[in-house]
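Inside the fold
Listed below are the residues making up each chain.
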Amino acid sequence: MSTEVVMPRMGETVDEGTVNVWHRAQGDQVTEGEPLLEIGTDKVDTDIPAPASGTLAEIRVAVDEIVPVGTVLAVIT
């Protein structure tokens, strides 16, 4: 079973964000709720928690990449 990590809506008027840093690398074990990456917008920078425990199997978005809300950022298996 896999879980997608999706770019969340950070506010009513925020439609995109920038991946500032990944706190974990592909292949790392992650625990649900731990900070996985930091997203920056023109209004706020915030950590995005892992939505599930498992292995960070795939990172689909690189640091400094700007992505719209709903984009799959990574996959946890």
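Reference entry: report on the structure contained in this document.

Cut-offs and rules
Residues numbered from 1 in each chain as written. Predicted model: local features only at pLDDT ≥ 70, side-chain atom pairs only at ≥ 80, totals over all residues. Heavy atoms only, no water. Helix = DSSP H or I, 4+ residues; strand = E, 2+ residues; numbered from the N terminus. Rg over C-alpha atoms; globule rule 2.2 N^0.38 Å. Buried < 20%, exposed > 50% of the residue type's maximum accessible area, 1.4 Å probe, protein only. Contact = heavy atoms within 4.5 Å. Areas by Shrake-Rupley, 256 points an atom, 1.4 Å probe, with all protein chains shown as cover. Lys, Arg positive; Asp, Glu negative; His and termini not counted. Charge placed at Lys NZ, Arg CZ, Asp CG, Glu CD. Polar contact = N/O pair within 3.5 Å; in protein donor to acceptor, adjacent residues only side chain to side chain. Salt bridge = Lys/Arg side-chain N within 4 Å of Asp/Glu carboxyl O.

Concerning the overall build of the protein
Scanning the protein for helices and strands turns up zero helices and eight strands. Secondary structure of the protein in N-to-C order comes out as β-β-β-β-β-β-β-β. Over its C-alpha atoms the protein spans a radius of gyration of 12 Å, differing by no more than 12% from the 11 Å that the globule rule assigns to 77 residues. Dimensions of the protein along its principal axes, counting C-alpha atoms only, are 35 × 20 × 20 Å. Within the protein, the fraction of its 77 residues that count as buried is 32%. A sequence separation of at least 24 residues applies to 55% of the contacts in the protein between residues at least 6 apart. For the protein, the accessible area works out to roughly 4300 Å², and carbon and sulfur atoms hold 47% of it. In the protein, 4 positive and 14 negative side-chain charges are present, and the distance between their average locations comes to 3 Å.

A word on the side chain of Glu34
Position of Glu34 relative to the elements: it lies in the loop between β3 (29-30) and β4 (35-40). Residue classification places Glu34 among the buried residues on the basis of a relative accessible area of 16%. Within the structure, Glu34 has its side chain in polar contact with the backbone nitrogen of Thr31 (distance 2.4 Å).

Quick word on the pattern of salt bridges
Following the criterion strictly, the structure yields three salt bridges and no others. Taking the shortest distance from any N to any O, the salt bridge between Arg9 and Asp15 comes out at 3.1 Å. Measuring nitrogen to oxygen at the nearest pair gives 3.2 Å for the salt bridge that ties Glu58 to Arg60. Using a relative accessible area of 43% as the deciding quantity, one classes Arg60 as partly exposed.

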